[in-house]
Amino acid sequence: PVLIPNMGRGGLYKLFADLGFKVGCEVGVQRGRNSWLMLQNIPDLKLYLVEPYKDHPCNRRKWGQRVHDKFRKQAHKRFKNDNVEWLEGFSEQVIGKVPDGSLDFVYIDGEHSYDFFMLDLILWSRKVRKGGIISGHDYEYWKPHQAKVARALNDYTAAYDIKPLYITDKKMHEYKGDDTSSWFLVK
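Residues numbered from 1 in each chain as written. Predicted model: local features only at pLDDT ≥ 70, side-chain atom pairs only at ≥ 80, totals over all residues. Heavy atoms only, no water.

A. Molecular detail of the side chain of D109. Tracing the sequence through the fold places D109 in the loop between β5 (103–108) and α5 (114–125). Despite being buried, D109 has no salt bridge partner; R9 is the closest side chain of opposite charge, sitting 4.1 Å away. A distance of 3.4 Å separates the side chain of D109 from the side chain of H112, its partner in a polar contact. Aside from chain neighbours lying at most four places away, what touches D109 is R9, E26, V27, G28, H137 and D138. (Helix = DSSP H or I, 4+ residues; strand = E, 2+ residues; numbered from the N terminus. Buried < 20%, exposed > 50% of the residue type's maximum accessible area, 1.4 Å probe, protein only. Lys, Arg positive; Asp, Glu negative; His and termini not counted. Salt bridge = Lys/Arg side-chain N within 4 Å of Asp/Glu carboxyl O. Polar contact = N/O pair within 3.5 Å; in protein donor to acceptor, adjacent residues only side chain to side chain. Contact = heavy atoms within 4.5 Å.)

This is the structure in structure tokens:
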């Protein structure tokens, strides 16, 4: 991948703004911190927010409903007056609510297992228009669950001969705990 020095997620969203992007989607919202960052950096953004707020029955990692309810409350409180549309459900269940080719960008930060990430990448890439950006979080090899994201993304870009793949500078994080690179490619 091509590293873009001194660019974190905020810089990525400023790039989206400079490109005139107006319609986007974040897959994997959790507390909404990253979605809030998008809305702060991209003027007049319409943002789809995809989050199930429950454990997936096929996933080994279980957060529990109490944790999901806490995250839902935090996220919904953040976006009272913003131009967002909640698609609450598993990615594969809500995908049909967004027309193919209608997004300027998608940012994928959902489940990090190889299969779940690959499914999100395949499904949500179809929703991005030609010339738009497919992006996401956790392009790293040093944490086991994030390594699966990087491995799946490398397999996808190799299978479709997609070049270049860009990654942001992990030193440029916007909030505590955000210590991994984002990635993006142009459709």
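Past the structure itself, the notes keep going.
B. The arrangement of the packing of helix α1 (residues 9–18) against helix α2 (residues 33–41) in detail. Two numbers describe how α1 lies on α2: the axes approach to 9 Å, and their chain directions differ by 40 degrees. On the basis of their axis angle, the class for α1 and α2 is oblique. Where α1 crosses over α2, the handedness of that crossing is right-handed. Residue-level inspection shows R9, G10, Y13, K14 and A17 of α1 in contact with α2, the latter providing N34, L37, M38 and N41. (Axes fitted to C-alpha atoms, helices over the stretch in contact; angles between N-to-C directions. Parallel < 35°, antiparallel > 145°, perpendicular 65-115°, else oblique. Left-handed = near helix turned anticlockwise from the far one by under 90°.)

C. Examining the pairing of strand β8 (residues 182–186) more closely. Where burial is concerned, most of β8 is hidden: four out of the five residues are buried. As defined by bridge partners, strand β6 (residues 128–137) adjoins β8 across five bridges and the pair is classed as antiparallel. Note that in β8 the partner of G136 across the bridge is W183. As judged from the two bridges shared by strand β7 (residues 166–168) and β8, these two strands associate in the antiparallel manner. Bridge pairing in β8 links Y166 to F184. (Pairing = 2+ DSSP bridges.)

D. Looking closely at the pattern of salt bridges. Applying the stated criterion across every chain yields a total of eight salt bridges. With a closest N to O distance of 3.0 Å, E85 and K46 form a salt bridge. With E85 in strand β4 (residues 84–88) and K46 in strand β3 (residues 46–51), the pair connects residues that are 39 residues apart, well separated along the chain. Relative accessible area serves as the criterion here: at 30%, E85 is assigned to the partly exposed category. Accessibility expressed as a relative area gives 25% for K46, which makes it partly exposed. For the salt bridge of D161 with K163, the shortest nitrogen-to-oxygen distance reads 3.6 Å. One exposure class covers both D161 and K163, and it is exposed.

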